[in-house]
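Residue-level structural notes
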Amino acid sequence: MSDRFQFSVSATDGHARTGVIQTPRGEIRTPAFMPVGTAATVKAMLPESVRATGADILLGNTYHLMLRPGAERIARLGGLHKFMNWQRPILTDSGGFQVMSLSSLRKLTEDGVTFASHVDGSRHFLSPETSMQIQRDLGSDIVMAFDECPALPATEDEVAKSMRMSMRWAQRSRDAFGDRPGHALFGIMQGGVTRDLREESAEALKGIGFDGYAIGGLAVGEGQEAMFSVLDYAPGFLPEDKPRYLMGVGKPDDIVGAVVRGVDMMDCVLPSRSGRTGQAWTRRGQVNIKNARHADDPRPLDADCTCPACTGYSRAYLHHVFRAQEMISGMLLTWHNLHYFQELMVGLREAIAAGQLAGFVTQFEAQRAQGDIDPL
Ligand SMILES: [Zn+2]
C-alpha cells in the first residue's frame, strides 16, 4: 500500500482512461463511482455492504457533518473513518454547493459565506480556510477546494465573476491545506457552459497546482446534451496525469458518456435515493417497483444480477415490502442499485483495458433500449 497519493493510468481507449489511485487507505480503481454517505452513512447500508458492492471510496458532505454532529466532535472521536466504520478512502466535498442549495439567509462576500443551518437555523461561516479545517478534522483523504457554484439560470457575466472568485478561493484553499502527505487536495473547474471560461478556470487551477481536478458546475439542471458538450472539451484542458472528477453525476447513461469523454471519478446520491423511493436501475433501464404489474411477478428484478435483492427475492416481494413501507425495501433496492452502478464501472474499466469501449457502449445502449423485462 502506498504512503502517498498517486494516480497512474494503465490503459486508454479514445479519451477514456482506466487506472488506479493509490492512497494510504487503499486503492481506488478508475473510472470510479463513489456512493454518497452524506451524514456519515450511505443510507440503508452497512459499510461492509457498501464495500461488497465494489465501492473503493465514499463521499461525505462537509456541510451536513459540520452542522451535525460537528467536525470537531468527529475529530475528538477519532475522525470520520473510525466514526462511521469505513476504513477505506473518503472524499469530502467543500460544503460550497450545499450552502447554496440547502441553507438560508446566505450572505456571500469575497471572504466567504455566512448562512443559517437548515437543521436548526443556527448561524455559520464557511470560507476556504474554514472548509480546509473542517475537512482536516474529518480526516478526509481527498479534500475539495472551497468554491461557489452559481445558481441557474445565470448570465455569462455572473458565471465569469463567480468562477474568478472561485479561483481566488482555490488559491486560498491550497494555502490553507498546507503540506499533508498521503492526503490530496482537488481544485474545482467552473465556468458554466462557456468554453473560454472553462479554459480560463483550468489554467488558473493548473497554475496553483492540485493533486486532482474536478469539473464542477455541471449536472445542476443544464441537461445531458449541454453537459456532454462541455465534457467534449473540458477534460482536455486538465492535466493528463491527474484524476478528473465530475461532481454529482449521475444516471447510468450520464456515467457512460462521461467516462467516454475522459472522466475518472463520479459521485451521485441517485442509486441510494432511488432505492428508498422504489426506483431500481438495471441494465434494461429503470424499474418502478411500486407499479402494480410486479404484484404477482415471481421473477427477480434482474435475473443476471448477483446482488442479494436479485438472488433472494422476487419482484412480487420487493413490490410488497415497498407498499407495506417495510425498511427492508430501501435496504434491498439500495443494495441492488449500488451493485448495478459498481458492475457498470467494472464493465467500463474492463472494456477500456481491452480497447473495446465502443462495443461496450453499443451493448449498453441496446440493453437499455430493450426496456424492462417482458410481461408475464
Ligand atoms: Zn440486483
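Residues numbered from 1 in each chain as written. Predicted model: local features only at pLDDT ≥ 70, side-chain atom pairs only at ≥ 80, totals over all residues. Heavy atoms only, no water.

Filter applied, for reference: UniProt positions are given in the numbering used here, feature names are shortened, and annotations may be inferred rather than shown by experiment.
If you look the chain up in an unreviewed UniProt entry, it shows as Queuine tRNA-ribosyltransferase from Paracoccus limosus. Listed in UniProt under the heading Subunit (unreviewed entry), the comment for the chain reads: "Homodimer. Within each dimer, one monomer is responsible for RNA recognition and catalysis, while the other monomer binds to the replacement base PreQ1." Recorded under Pathway (unreviewed entry), the UniProt text for the chain is reproduced unchanged: "tRNA modification; tRNA-queuosine biosynthesis."

**As for helix α10 (residues 252-260)**
Rules: Each residue's exposure class comes from its accessible area (1.4 Å probe, protein chains only) as a fraction of the maximum for that residue type: buried when under 20%, exposed when over 50%, partly exposed otherwise. Where helices and strands are cited, they refer to DSSP runs of H or I of at least four residues and of E of at least two residues respectively, numbered from the N terminus.
Counting buried positions along α10 yields eight of nine residues, so the element is predominantly enclosed. Taken residue by residue, α10 has Pro252, Asp253, Asp254, Ile255, Val256, Gly257, Ala258 and Val259 as its buried positions. Residue glycine 262 follows α10 closely and has a positive phi angle near 105°.

**With respect to the domain arrangement of the chain**
Where we set the bar: Boundary definitions for the domains trace back to an automatic or database domain assignment. Throughout, a residue-residue contact means that at least one pair of heavy atoms, one from each residue, lies within 4.5 Å. The term buried area means the drop in 1.4 Å probe accessible area that two parts suffer when joined, counted for both and summed. Any carboxyl oxygen of Asp or Glu within 4 Å of a side-chain nitrogen of Lys or Arg constitutes a salt bridge here. Pairs of N or O atoms are called polar contacts if they sit within 3.5 Å, as long as, within protein, a hydrogen donor faces a hydrogen acceptor (for residues adjacent in sequence, only side-chain-to-side-chain pairs).
Each assigned domain of the chain is listed here: domain 1 (32-268) and domain 2 (279-369). For domain 1 and domain 2, the distance between their C-alpha centres works out to 28 Å. Contacts between the two partners involve 21 residues from domain 1 and, on the opposite side, 18 residues from domain 2. Interface area for domain 1 against domain 2, summed over the two sides, is near 1700 Å², with a carbon-plus-sulfur share of 80%. If you sort the residues of domain 1 by the area they bury against domain 2, Thr53, Pro252 and Val256 come out on top, with a joint share of 32%. If you look at where domain 1 meets domain 2, you find one salt bridge. One salt bridge in this structure joins aspartate 253 and arginine 368, with 3.7 Å as the shortest N-O distance. On the surface where domain 1 and domain 2 come into contact, there are one residue pair in polar contact (both at pLDDT 80 or more).

**Focus on the coordination of the zinc ion**
Rules: Only N, O and S atoms count as donors, using a 2.8 Å limit from the metal and a wider 3.2 Å limit for Na, K and Ca, and since water is excluded some coordination spheres may look unfilled. A four-donor site is called tetrahedral if each angle lies between 85 and 135 degrees; a four-donor site is square planar, and a six-donor site octahedral, when trans pairs exceed 155 degrees and the remaining angles lie between 65 and 115; all other cases are labelled irregular.
Ligation of the zinc ion by protein atoms is provided by Cys305 (SG), Cys307 (SG), Cys310 (SG) and His336 (ND1), these donors lying 2.1 to 2.3 Å from the ion. Taken together, the four donor atoms coordinating the zinc ion span angles of 100 to 113° at the metal, a pattern that classifies the geometry as tetrahedral. Spacing between the donor residues of the zinc ion along the chain follows C-x1-C-x2-C-x25-H. Of this pair, cysteine 307 sits in the loop between β16 (285-288) and α12 (308-312) while histidine 336 is found in helix α14 (residues 327-354), placing the two residues 29 residues apart along the sequence. When its relative accessible area of 0% is taken as the criterion, histidine 336 is described as buried.

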